[in-house]
Amino acid sequence: MDTEQKLNILTDSSKYDLACSCRMKDEPGRLRGQAGRWIYPAVLPDGRKTFLLKVLQSNKCINDCKYCPFNDSRDIERVTLESSELANVFMELFHAGRVEGLFLSSGVNSSVDKTMEKMLDTVRILRNRHKFRGFIHLKIIPGCSDEAICQAVHLATRVSVNIEAPNAGRLSRLSVKKNFDEGIINTIKKINQYRQNVRHYCGQTTQFVVGAAGESDAEIIKATDRLYTGYEMERIYYSAYQSPAIEPAKPEPGTQLPLFADIPLTSSKTNASFIREHRLYQTDFLLRKYGFSSKEIPLDASGNLSLEKDPKLMWAQSHADFFPLDINKADYYEILRVPGIGPVQAKRIIKQRKEARLNRQNISCLGLKIDKLSSYIKL
Ligand code: SF4
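Fair warning: this is a prediction, and the values are worked out from it, not measured in the lab. (Residues numbered from 1 in each chain as written. Predicted model: local features only at pLDDT ≥ 70, side-chain atom pairs only at ≥ 80, totals over all residues. Heavy atoms only, no water.)

Peer 1: Run through the packing of helix H6 (residues 180-195) against helix H7 (residues 217-231), naming residues and quoting values.
Peer 2: The contact between H6 and H7 brings their axes to 11 Å, and the two run at 35 degrees. In the packing of H6 onto H7, the handedness of the crossing is right-handed. Contact residues: H6 offers Phe-180, Ile-185, Ile-188, Lys-189, Asn-192 and Arg-195, while H7 offers Arg-226, Leu-227, Gly-230 and Tyr-231. Within the contact of H6 with H7, the residues separate by chemical class into 5 nonpolar, 2 polar and 3 charged. (Axes fitted to C-alpha atoms, helices over the stretch in contact; angles between N-to-C directions. Helix = DSSP H or I, 4+ residues; strand = E, 2+ residues; numbered from the N terminus. Left-handed = near helix turned anticlockwise from the far one by under 90°. Contact = heavy atoms within 4.5 Å. Nonpolar A, V, L, I, M, F, W, Y, C, P; charged D, E, K, R; others polar.)

Peer 1: If you had to explain helix H3 (residues 112-129) to someone new, which residues and values would you point to?
Peer 2: Here H3 contains 18 residues, and its C-alpha end-to-end distance of 25 Å stays within 8% of the 26 Å for a straight helix at 1.5 Å per residue. Those residues of H3 lying buried are Thr-115, Met-116, Met-119, Leu-120, Thr-122, Val-123, Ile-125, Leu-126 and Arg-127. Each element contacted by the buried residues of H3 is listed here: helix H2 (83-95), strand S3 (101-105), strand S4 (135-139) and helix H4 (146-155). Lys-131 lies just past H3 and shows a positive phi near 55 degrees. (Expected span 1.5 Å × (residues − 1). Buried < 20%, exposed > 50% of the residue type's maximum accessible area, 1.4 Å probe, protein only.)

Peer 1: I'd like a description of the packing of H4 against H6, backed by residues and values.
Peer 2: Helices that pack against each other are described as a pair by the angle of their axes relative to one another and the distance between those axes. Direction vectors running N to C along H4 and H6 enclose 50 degrees, while the axes themselves pass 9 Å from each other. Between H4 and H6, the angle falls in the class oblique. Like other packed secondary-structure pairs, H4 and H6 cross with a definite hand, here right-handed. Judged by residue contacts, Asp-146, Ile-149, Cys-150 and Val-153 of H4 engage Thr-187, Lys-190, Ile-191, Tyr-194 and Arg-195 from H6. When grouped by side-chain class, the residues that make up the contact of H4 with H6 number 5 nonpolar, 1 polar and 3 charged. (Parallel < 35°, antiparallel > 145°, perpendicular 65-115°, else oblique.)

Peer 1: Quick one: what's the story with the sheet that holds S4, residue by residue and with numbers?
Peer 2: Across the sheet, which stays open at both edges, the 7 strands sit in the order S1-S2-S3-S4-S5-S6-S7 with mixed pairing between neighbours. The sheet is open, and its two borders are formed by strand S1 (39-43) and strand S7 (235-240), each paired with just one other strand. Taking each pair of neighbouring strands and ignoring which way they run, the sheet shows an average axis angle of 25 degrees. Pairing of S3 with S4 involves 4 bridges; the strand directions are parallel. Its bridge partner being in S4, Leu-104 is matched across the sheet by Leu-138. Along the sheet face, H6 touches strand S5 (158-160) and strand S6 (203-210) and points at about 160 degrees away from the line of S6. (Pairing = 2+ DSSP bridges.)

Peer 1: I'd love a proper account of the pattern of salt bridges, names of residues and values included.
Peer 2: The full count for this structure, using the stated rule, is 15 salt bridges. Salt-bridge contacts for Lys-329 lead to Asp-326; the nearest nitrogen and oxygen are separated by 4.0 Å. Judged by relative accessible area, which is 66%, Lys-329 ranks as exposed. Residues joined by salt bridges that share partners form a network here, namely Glu-117, Asp-121 and Arg-124. (Salt bridge = Lys/Arg side-chain N within 4 Å of Asp/Glu carboxyl O.)

Peer 1: Go over a positive patch on the surface, please, and point to the residues and values.
Peer 2: Together, Lys-189, Lys-222, Arg-226 and Lys-295 give the surface a local cluster of positive charge. In this fold, Arg-226 is placed in helix H7. For Arg-226, a relative accessible area of 40% puts it in the partly exposed group. (Patch = residues over 30% accessible without salt bridge, like charges linked within 9 Å, V, L, I, M, F, W, Y side chains within 5 Å. Areas by Shrake-Rupley, 256 points an atom, 1.4 Å probe, with all protein chains shown as cover. Lys, Arg positive; Asp, Glu negative; His and termini not counted. Charge placed at Lys NZ, Arg CZ, Asp CG, Glu CD.)

It is worth stressing that arrangement in space is one thing and function is another; only the former is reported here.
Now the structure itself:
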């Protein structure tokens, strides 16, 4: 098999690891046209949008994660790119202006440390032989050696271990081979220690598979809070699991089950899982940017977010005593609690009111829709 054929398989395989978008299924970012089939949009740590070659070093895997299209029981074509082969392809795309960075992951091919070594070799070739100084996101395999973690944070711009499930009990439903505390959490902790010692900024991110283990949103939110406060996580991503089992039409006996990202969005249950993912991203923003604590996030009796309304609106509707807010006196985080006002508008309000007291006229000059805000603010 030539490099292009391998690349086709391994870049297609990498689409299951999102870690770069907060969009609904049919928006760009999850789907790619033929021309950009190896290339994904992403947001860099400085906020710039860019395009990455997103690829697996190998789709061979000895693990058994039930949600994963490459687990050891799947009957799929298995391929591996050699480190120099992958580095050369990347540099060709980079010099052609097609990509600015690399997102490199891999199935666990024979052993954790051998897999890490192969990925690290690819990154070393890029950094040392090709003098590539741009963005590299490197997946770290849970349970790898301290030496591999140390090397990874020295070489990469961003590293990540996918947490997959919010706790050990939920992960055990997805895999008997993966270990939550000793494997995943321990590796996240070590990454956090090693990244403090490197001179460049090396961010750490992670990703949940949402809905594969029967977990509630409350469990995911609790784990999210712990990851942000305890391990200085740069970002957390939420990837809706699309189980073939929830599709109305069952495949013929003996045929391969469809992979989750290939399922057409026909059933309302399938759409609901993407809305759930979207609500978790909104909650994530409330925790990271809006000053909400995890205990303030409104949940229903079964510990789930509303699919119908965004969590900030739900909070506002159940806190009538907080409103109407005096917009001329409230602090930044109080202003952020007003539905319809985000960080950009809140900063504009604080700046503008230093020059003149806000009223109905000058507040609409800030791009705010006064009619929609009138029940929440006092001028
Ligand atoms: S370790 Fe990764 S590639 Fe292997 S089965 Fe689990 S999720 Fe899939």
